[in-house]
Amino acid sequence: MTKRASGPFDVKLTPMAPEADAVEAAPGRMMLDKRFHGGLDATSQGQMLAVRTPVEGSAGYVAMERVSGTLDGRAGTFALQHFGVMTRGAPHLVISVVPDSGTGGLTGLAGSMTIDIAPGGKHSYDFQYTLPEAP
């Protein structure tokens, strides 16, 4: 049975130095530091690579993050993989649980997440997931 968790989250993006010998047009790198509230009570750390284009509103990013906390009252960790593209202002974002990345009480977790950024920058998430019954 698919379950759902939602709520706000805080995110801090910290620019990272380019890799040694990176070309000028190399992707930008950022550290992610998040705090989820609501049905997912957790923190996460990760990294993002992003590229902007000369066309206003067009860009792409990928990110990986490790989440640690509780979901549905069960403690553990899992990984999220992001794939985002914006085409002249039209966004397309896929955030998925990395298969078999769940540990502890989150072993067997699968699912996907959407995020919403409201005017003013407030972030929220909607996480649809499946989780095997607790042993």
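Residues numbered from 1 in each chain as written. Predicted model: local features only at pLDDT ≥ 70, side-chain atom pairs only at ≥ 80, totals over all residues. Heavy atoms only, no water.

1. Quick notes on unusual backbone geometry
Phase 1: The phi dihedral of aspartate 72 falls on the positive side, at around 55°, and the residue is not glycine.
Phase 2: Along the polypeptide, aspartate 72 turns up in the loop between strand E4 (59-71) and strand E5 (74-87).
Phase 3: Among the residues examined, aspartate 72 registers a relative accessible area of 36% and is labelled partly exposed.
Phase 4: The phi dihedral of aspartate 100 is positive, around 65°, even though this residue is not glycine.
Phase 5: You can see aspartate 100 is positioned in the loop between strand E6 (90-97) and strand E7 (110-117).
Phase 6: Since its relative accessible area comes to 75%, aspartate 100 is described here as exposed. (Helix = DSSP H or I, 4+ residues; strand = E, 2+ residues; numbered from the N terminus. Buried < 20%, exposed > 50% of the residue type's maximum accessible area, 1.4 Å probe, protein only.)

2. Observations regarding the pairing of strand E8 (residues 123-130)
Phase 1: Where strand E1 (residues 3-16) lies against E8, seven bridges are found, and the strand directions are antiparallel. Of the residues in E8, the one forming a bridge with alanine 5 is phenylalanine 127.
Phase 2: With eight bridges connecting them, E7 and E8 associate as antiparallel partners. If you follow serine 112 over to E8, its bridge partner there is glutamine 128. (Pairing = 2+ DSSP bridges.)

By themselves, these are just geometric observations and shouldn't be taken as functional.
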